[in-house]
Amino acid sequence: MENLPIGYRLKRTFHAFNDAVKRKVYRSNINFTNFCILTYLNRNLDCGNNEVTQKDICSFTSLKAPTISLTLQNMEQDGYICRTKSNKDSRIAFVQLTTKGKEQAEMMKLFFQNTDSQIGSKLSKEEYDTLCFLLDKIYGYLKEDN
């Protein structure tokens, strides 16, 4: 096995995964940021949460508010999402999937499930669980450091 630093291995793995996602996303005629937002909204919808805000999306994507604002505006124009003002605070808008957005998000969900299954088929249950544990641990450590 190669003697490579962990950071390099993580970056190499991320880029391979990112390239696979981008190939799927570009076939769907949406960009990667839209893809992340659709996936996030769909996951929240599946959990019964219809009150996702722009701030929530910023936190999830780690992108700045102006970037998310412009992205959501474009996604709304393209028919993937709609925004509704909060009854309690007019400064807050909830972001929801349209039917078109839900269909696109479901296709992406299947893509991720398939990719996870393919990765999982190469690992034992113990290896898979260990990988998930270690990735979460590394993520937590890196988030703490910022």
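Scroll up to find the structure this text is about.
Thresholds applied
Residues numbered from 1 in each chain as written. Predicted model: local features only at pLDDT ≥ 70, side-chain atom pairs only at ≥ 80, totals over all residues. Heavy atoms only, no water. Helix = DSSP H or I, 4+ residues; strand = E, 2+ residues; numbered from the N terminus. Buried < 20%, exposed > 50% of the residue type's maximum accessible area, 1.4 Å probe, protein only. Contact = heavy atoms within 4.5 Å. Lys, Arg positive; Asp, Glu negative; His and termini not counted. Charge placed at Lys NZ, Arg CZ, Asp CG, Glu CD. Pairing = 2+ DSSP bridges.

Can you explain the overall build of the protein chain? Please cite residues and give values.
The helix and strand inventory of the protein chain stands at six helices and three strands. Ordered by position from the N terminus, the helices and strands of the protein chain form the series α-α-β-α-α-β-β-α-α. Buried positions account for 25% of the 146 residues belonging to the protein chain. Across the protein chain, contacts joining residues at least 24 apart in sequence account for 49% of those joining residues at least 6 apart. Taking the average location of the 21 positive side-chain charges in the protein chain and that of its 17 negative ones, the two points are 4 Å from each other.

Requested: an account of the sheet that holds strand β1 (residues 52-53), with residues and values cited.
Taken in spatial order, the three strands of this open sheet run β1-β3-β2, and their pairing is antiparallel. Here the strands that pair on one side only, and so sit at the sheet edges, are β1 and β2 (81-85). In terms of strand pairing, β2 meets strand β3 (residues 93-97) through five bridges, oriented antiparallel. Bridge pairing in β3 places I81 opposite L97.

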